Amino acid sequence: MSATETAPAPAFEEVVVTTRRGVTAPVRVYEPAGGASAGAATVLALHGAGGWLPGEPVLDGLAAAGLRVVAPVWPAWSEHGDEDRLSDMQDFALHGWDVATEMGLLQGGGAGELHLMGHSMGGMIAAEMAALAPQSAARMALLCPAGMWLGDHPIPDIFAMLPYQLAEVLFADPDVGEEVLTGGADFSDNETLTRFMVARARQQGMAGKILFPIPNRRFSERAYRVTLPTLLVWGRQDRLIPPAYADAWQAALPDATVELVDGAGHMLPYEQSAAVVAAVTSHLTS
Amino acid sequence: MTVKFCWFNLMPWPDLPDDFKTEHRSVWVDIDGSLFDPERANGVYHEYMDQLEFADELGYDGIGVNEHHQNGYGIMPSPNIIAAGLARRTSQAAICVIGNSIALYNPPHRVAEEFAMLDCLSGGRLVAGFPVGTPMDTNFTYGQIPALTREKYYEAHDLIMEAWTNPDVFAFDGKYTQLRYVNCWPKPIQQPHPPIYIPGGGSIETWDFCLENDYNYSYLSFNGYLAGQTLMDGYWNRVGELDKSMTPGRAGFAQIICTAATDAEAEELYSEHMLYFFNRCLHVFPGFADPPGYRTVKTIQAGKLDQFRKENQALFKRLTWKDLVEGGYVIAGSPDTVRERMEDMIKRLRVGTVFCLLHMGNMPDWKTRYSSQLFAEKVMPGLRGIWGDEFADAGDWWCKPMDDRVRPEDTMADARRYPEAPRGPVA
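Caption draft 1: Here's a closer look at the overall build of chain A. Each helix and strand counted, chain A has 10 helices and 8 strands in total. For 286 residues, the compact-globule estimate of 2.2 N^0.38 gives 19 Å, and chain A sits close to it at 18 Å. Projecting the C-alpha coordinates of chain A onto the three principal axes gives extents of approximately 55 × 40 × 35 Å. Per-residue burial for chain A yields a buried fraction of 47% across its 286 residues.

Pasting the structure below:
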């Protein structure tokens, strides 16, 4: 079984926008169950360093619960290139807002509420977006976000890991993780290996702009600005960014609650998607 | 042009334990700190510097040092410190600092200053190297972001070159470095600047950078000349495509060399030290070799993937002395054997500068000197003229020292001869 084989038919439509900076971004749009409704709240969802998988159970689940989900594909995770246009944390956070602007999420008026959500690297970007413009979103859900560093709980260096070492730190159950990560690809084939190495260089190279060598761009100094109610969801078995970080985030944010999920590591949205959907829906719709 | 021979010392730590490969993860980046003995290092540094000075006496064209960090085969995080010592104890050979990892200096203008100091101190003998730097040094040890390393490197280069060539005070508004008053003081003797060498591993962007700026491209690998040929052929193809002169002075290569009285003696004397180097010194955790973003997409697509295959991770473990010699990793043997293979190497790779790795691994001092002296006396003279007069006017990418430069050995002797200090009026 692999992620590719189990992928359901796309539950989203993809649109492509070009931001005013000039970055081209494909955006997945998941309409809420029962079809688009003018007043539905929208979740701007940002992916982690692994990018979106063909099937995203959490995004499907949120749409099924009546939320509209807008999920941009970050430069380097799309085929459009443009990753050279974004260099640092400020560029990343502004790009998030630039996409929101192009998607008409900031127009007010009849539009419903806007919420932010992000997983890991995406959580780090969402938090920075909230620090820049806290009044532009109503609520936020962060799934084991990167962005802090605790000396007593050093985060393993994913940039120095060999591919076969990743599943062990990313998943509560490494065997399941191995399948999700490789998607059944055959790395003895030269073309497959080259494609994999190019994608890795582009995507993880891009992630490195905000995560290397220490995934901390001093968000904690700006955390005081994030006044919107924030839910932190964390896998109890997260071996990449351990749950001690949930406490640190909660302490740093003015209005945050924590929900720990059993049977989940850092790839929480894929390991316990139903629990994540329930927690996030409850937080965003309360 | 004559072929230039630069005697190079990587400065390896000589006491890595026998079980290093099985009990330790990596010789580089996270090498076990308890393996370093500072008091032992006192002797090691002096032995290595003595060898470099000996190479000057033997008539090598250059003596070379380089920069590595947290590395068990290179205990020289600051090559400029060693080079300064050499400038005070030698007066003939070029001082080849190959080089300073310019993206790691903050601000990179520091390199313009220190290299200018070295050029003044040595009387114009500096050959200046600007490596992009290995991922182990640049990214994992010095924390530079892989995807931005090359951009930062180019910016550092632009700053240093302008600092050397712009006679006025100028402001530099870079993305990574902002300086309101750039004013390189001191300035290098060699004008407009010392010869620039770009040591490379295999990034194809580096070729164009060298050719656009007319810098020497030197391929520094430990895999020897047979393995190096594919890459050097690619470089020379690019030289042709850009319609640049094909003079061998544009290229250099690092080669491990072991010279003895006979081929059999070479194996007897040097085999264990080569195996120490390949088995212990090159035991680098592969996760440190290629952080995503360090290599460009173009370079990956050019297809250097072998190092990522599991079956190749154990390559060096299987190598025997015979493999090392036959595979061209090591050129070893009697002076005749070495000369013959060196000639083959120089011609195949079309190089004007050879970085001679004559000390390797845990080779003791006497063997290093023996091999170096045999090479200097019985091999080097027959190789210098390989390229004849064909490229006489094409430039040689070598330093241009002052004729009447200070010879440290003379001035030190003079200073000691001075009978007594002059006395001024005493109240």
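Caption draft 2: Representation of the interface of chain A and chain B in the model. Across the boundary between the two partners, chain A contributes 20 residues, which contact 17 residues of chain B. For the side of chain A that touches chain B, the per-class residue count stands at 11 nonpolar, 6 polar and 3 charged.

Caption draft 3: Seen up close, the pairing of strand β1 (residues 13-18) of chain A. Residues and elements named next belong to chain A. In terms of burial, β1 is a largely surface element, 0 of the 6 residues being buried. Bridging between β1 and strand β2 (residues 24-30) involves 6 bridges; their strand directions are antiparallel. Residue pairing for β2: E14 is matched across the bridge by R28. As consecutive antiparallel partners, β1 and β2 are separated by 5 residues, and within that stretch G22 has a phi angle of approximately 105 degrees, a positive value.

Caption draft 4: Focus on the nonpolar core. Formed by 201 residues in total, the largest nonpolar core has its most connected members in V233 of chain A together with I95 and C356 of chain B. Once residues lying within four places of it in the same chain are set aside, the contact partners of C356 of chain B are F5, C6, W7, F8, Q255, I257 and F375 of chain B.

Caption draft 5: The confidence of the model for chain B, seen in detail. In the predicted model, chain B carries a mean pLDDT of 92, and 93% of its residues have values of at least 70. Two summary scores accompany this predicted model of the complex, namely pTM at 0.92 and ipTM at 0.90.

Caption draft 6: Structural context of the sheet that holds strand β7 (residues 230-235) of chain A. All names here are of chain A. Ordered in space as β1-β2-β4-β3-β5-β6-β7-β8, the 8 strands form an open sheet in which the pairing is mixed. This sheet does not close on itself; its edge strands, each paired only once, are β1 and β8 (256-261). The average angle at which neighbouring strand axes cross in this sheet is 20 degrees, direction not considered. When β7 meets β8, the two strands line up parallel, connected through 6 bridges. Looking at β8, one finds that V233 is bridged to E259. Where helix α2 (residues 57-64) meets the sheet, it contacts β2, β3 (42-46) and β4 (68-72), and its direction lies at approximately 150 degrees from that of β4. Packing of helix α8 (residues 244-252) onto the sheet brings it into contact with β7 and β8, and relative to β8 it is tilted by some 165 degrees.

Caption draft 7: Spotlight on α8 of chain A. Residue and element names in this part refer to chain A. Of the positions making up α8, those classed as buried are Y245, A246 and W249. One side of α8 carries all its buried residues, which in axial view fall inside an arc of 105 degrees. Against the buried residues of α8 lie β7 and β8.

Caption draft 8: View of the environment of H95 of chain A. Residues and elements named next belong to chain A. As for its position among the elements, H95 is in helix α3 (residues 89-102). When the C-alpha positions of H95 and G151 are compared, they lie 30 Å apart, and in sequence the two are 56 residues distant. Those residues in contact with H95 that sit more than four places away from it in its chain are T19, R21, V23 and L86.

Caption draft 9: Here's a closer look at the pairing of β2 of chain A. As defined by bridge partners, β2 of chain A adjoins β4 of chain A across 4 bridges and the pair is classed as antiparallel. Note that in β4 of chain A the partner of V29 of chain A across the bridge is V70 of chain A.

Caption draft 10: Fine view of the packing of helix α4 (residues 109-121) of chain B against helix α6 (residues 146-165) of chain B. Residues and elements named next belong to chain B. One can describe the packing of α4 onto α6 by two numbers: an axis separation of 8 Å at closest approach and a directional angle of 45 degrees. Relative to α6, α4 is oriented oblique. Like other packed secondary-structure pairs, α4 and α6 cross with a definite hand, here right-handed. For the pair α4 and α6, the contacting residues are H109, V111 and A112 in the first and L159, I160, A163 and W164 in the second. Partitioned by chemical class, the residues of the contact of α4 with α6 number 6 nonpolar, 1 polar and no charged.

Caption draft 11: Expanded view of unusual backbone geometry. All names here are of chain B. Across the junction of N106 and P107, the peptide omega takes the value -5 degrees, indicating a cis bond. Counting through the fold element by element, P107 comes out in the loop between β3 (94-97) and α4. Residue P186 follows W185 across a cis peptide bond; omega there is 20 degrees. Structurally, P186 can be placed in the loop between β6 (178-182) and β7 (196-200). With a phi angle near 60 degrees, D214 is a residue other than glycine that sits in the positive phi range. Tracing the backbone through its elements, the reader meets D214 in the loop between α7 (204-213) and β8 (216-219). Residue D214 is classed as partly exposed on the basis of its 13 C-beta neighbours within 10 Å. Even without being a glycine, W397 presents a positive backbone phi close to 50 degrees.

Caption draft 12: Spatial organisation of the packing of helix α5 (residues 163-170) of chain A against helix α6 (residues 174-182) of chain A. All names here are of chain A. For the pair α5 and α6, the least separation of the axes is 8 Å and the interaxial angle reads 125 degrees. Looking at the two axes, α5 sits oblique to α6. Viewed along their axes, α5 and α6 form a crossing whose handedness is right-handed. Here L166, A167, E168 and L170 of α5 lie close against α6, whose contacting residues are P174, G177, E178 and L181. Class assignment of the residues belonging to the contact of α5 with α6 gives a composition of 5 nonpolar, 1 polar and 2 charged.

Conventions we followed
- Sequence order sets the numbering: in each chain, residues are counted from 1 along the sequence as written.
- As they are written, the chains are lettered A onward and the ligands numbered 1 onward, keeping that order.
- Local features are withheld for residues below a pLDDT of 70 in this predicted model, meaning they are given only at 70 or higher, and side-chain atom pairs are given and counted only at 80 or more; totals for whole chains, interfaces and linings count all residues.
- Going along the chain from the N terminus, every DSSP run of H or I of four or more residues is numbered as a helix, and every run of E of two or more is numbered as a strand.
- What the globule rule says is 2.2 Å times the number of residues to the power 0.38, and the radius of gyration is computed from C-alpha atoms.
- Buried residues are those with 20 or more other C-beta atoms within 10 Å of their own C-beta, exposed residues have 12 or fewer, and partly exposed residues lie in between; C-beta atoms are placed from the backbone.
- By the criterion used throughout, residues are in contact when their C-beta atoms, derived from the backbone, lie within 7 Å.
- Ten residues, namely Ala, Val, Leu, Ile, Met, Phe, Trp, Tyr, Cys and Pro, are considered nonpolar, four, namely Asp, Glu, Lys and Arg, are considered charged, and the remaining ones, Gly among them, are considered polar.
- Strands qualify as paired when DSSP identifies two bridges or more between them.
- In plain words, the nonpolar core is the set of buried Ala, Val, Leu, Ile, Met, Phe, Trp, Tyr and Cys residues that C-beta atoms within 7 Å link up.
- The pLDDT score gives, residue by residue, the confidence of the prediction method on a 0 to 100 scale.
- Helix axes are fitted to C-alpha atoms over the stretch in contact, other axes to C-alpha atoms as well, and angles between N-to-C directions run from 0 to 180 degrees.
- As used here, the arc is the angular range of directions from the helix axis to the C-beta atoms.
- Here roughly perpendicular refers to angles of 65 to 115 degrees, roughly parallel to angles under 35, roughly antiparallel to angles over 145, and oblique to all remaining angles.
- Less than a right angle of anticlockwise turn of the near helix away from the far helix marks a crossing as left-handed, whereas a clockwise turn marks it as right-handed.

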